[in-house]
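# Tertiary structure, described
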Amino acid sequence: ISASIPTTDGELREVAFTDGGINDLSGLPALIKMKPDRVITCFVPSAVGAGLRFGPEAASSISYQVFNLFGKNFGLMDAANPASIVSGRVLSHLFDLYSNGENQLVKLVDTFESLRDAGEPLVTTLEGLDVVDNEFWGIEGGWTVDVTFVLMVGVPQKFVDELPEDI
C-alpha cells in the first residue's frame, strides 16, 4: 500500500506502508550472522497463545514449546506459521537438526524435561551446533556455535520450596 504524503516544502512524496515484514522474535539470526562462539537466547512463551491454538495443556508442554519456539531454527516448518506458508520454506533455519549426529530438538526436550523433573530452571546449552547457510538473513554457514537456551515455562520447584510460607 502506498500513498502520496505532503512534505514540508509543499511537494508530495510517495510513501510505502507495510506490516514490518518478517520478525523472528528472538534476535538469533542477527546474532548468528555475527559468527560468535556462544549465544544465550531466552524465551518466554505465550501460555495464552498456546492455549488458544491447541488447548490449555499445550502451554505447559515442553515438547510443544520447544517445537513451537525452536523448530524453525532447526529447519522444521510450522504449517500454521504464515511466514512458512507464504515463502514455502523456513526463513529462520539456522542450525543443522542433526548436529553432532543426534536430533538436537529431541535432546533439548529431554534435557528440559529432566531439569523440570529435578525442580531446576530450564537452562541448557547445545554445544557445537552446525550453522547452515541462510540466504534470507544473510548468514554464511559452515561453522559451529554453542547456544544456551533459557525457556521460561512455569516456576522451578526448588525455587518454590525455598519461599517462606507467608508469601
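For the structure, see preceding data.
Residues numbered from 1 in each chain as written. Predicted model: local features only at pLDDT ≥ 70, side-chain atom pairs only at ≥ 80, totals over all residues. Heavy atoms only, no water.

### Considering unusual backbone geometry
Peptide bonds are, in most cases, trans, and in most cases residues other than glycine have a negative phi. Which entries qualify depends on this criterion: Secondary structure follows DSSP: runs of H or I at least 4 residues long count as helices, runs of E at least 2 residues long count as strands, and numbering of each begins at the N terminus. A simple rule labels every residue: compare its accessible area, found with a 1.4 Å probe on the protein chains alone, to the largest value its type can have, and call it buried under 20%, exposed over 50%, or partly exposed in between.
Of note, the phi angle at Lys 35 is positive, near 55°, even though the residue is not glycine. Residue position: Lys 35 is located in the loop between α1 (28-33) and β3 (38-43). When its relative accessible area of 42% is taken as the criterion, Lys 35 is described as partly exposed. In the Ramachandran plot, Asn 100 falls in the positive-phi region, its phi being about 60° despite a non-glycine side chain. Relative to the helices and strands, Asn 100 is located in the loop between α5 (82-87) and α6 (104-117).

### With respect to α6
The condition that has to hold: Expected helix span is taken as 1.5 Å per residue step, with the number of steps being one fewer than the number of residues. This arc corresponds to the set of directions leading from the helix axis out to the C-beta atoms. The criterion used for residue contact is that any of the two residues' heavy atoms lie within 4.5 Å.
Over its 14 residues, α6 runs 20 Å from end to end, which matches the ideal 20 Å to within 8%, given 1.5 Å per residue. Among the residues of α6, Gln 104, Leu 105, Leu 108, Val 109, Phe 112 and Leu 115 are the ones counted as buried. Summarising the axial view, the buried residues of α6 lie within an arc of 140°, below the 170-degree limit, and thus occupy one face. On its buried side, α6 packs onto α4 (62-70), β4 (123-130) and β5 (144-151).

### Details of the environment of Asp 161
Inclusion rule: Pairs of N or O atoms within 3.5 Å make up the polar contacts considered here, provided that, within protein, one atom can donate a hydrogen while the other can accept it, and that residues adjacent in sequence are counted only when both atoms are side-chain atoms.
Its place among the elements puts Asp 161 in helix α7 (residues 157-162). Judged by its relative accessible area of 54%, Asp 161 falls in the exposed class. Each C-alpha atom, one on Asp 161 and one on Gly 119, is 9.3 Å from the other, the two residues being 42 residues apart in sequence. Within the structure, Asp 161 has its side chain in polar contact with the side chain of Gln 157 (distance 2.8 Å).

### Here's the deal with the packing of α4 against α6
Note the cut-off: Axis definition: a line fitted to C-alpha atoms, over the contacting stretch in the case of helices. Angles run 0 to 180 degrees between N-to-C directions. With respect to orientation, any angle under 35 degrees is reported as roughly parallel, any angle over 145 as roughly antiparallel, any angle of 65 to 115 as roughly perpendicular, and every other angle as oblique. The crossing is said to be left-handed when, going from far helix to near helix, the turn is anticlockwise and less than a right angle, and right-handed when the turn is clockwise. Think of it as three bins: nonpolar holds Ala, Val, Leu, Ile, Met, Phe, Trp, Tyr, Cys and Pro, charged holds Asp, Glu, Lys and Arg, and polar takes everything else, Gly as well.
Relative to each other, α4 and α6 sit at 135°, their axes nearing to 9 Å. It follows that α4 is oblique to α6 by the angle criterion. The two elements α4 and α6 meet at a crossing, and its hand is right-handed. When α4 is examined against α6, the residues Ile 62, Ser 63, Val 66 and Phe 70 are found in contact with a partner set consisting of Leu 105, Leu 108, Val 109, Phe 112, Glu 113 and Arg 116. Taken together, the residues of the contact of α4 with α6 sort by class into seven nonpolar, one polar and two charged.

### A word on the pairing of β5
Applied cut-off: We call two strands paired when DSSP finds no fewer than two bridges between them.
A large share of β5 lies buried, amounting to six of its eight residues. Pairing of β3 with β5, which is carried by six bridges, proceeds in the parallel orientation. Bridge assignment links Phe 43 to a residue of β5, and that residue is Leu 151. Relative to β5, β4 runs antiparallel, the two sharing six bridges. Residue pairing across strands places Val 123 opposite Val 150, the latter belonging to β5.

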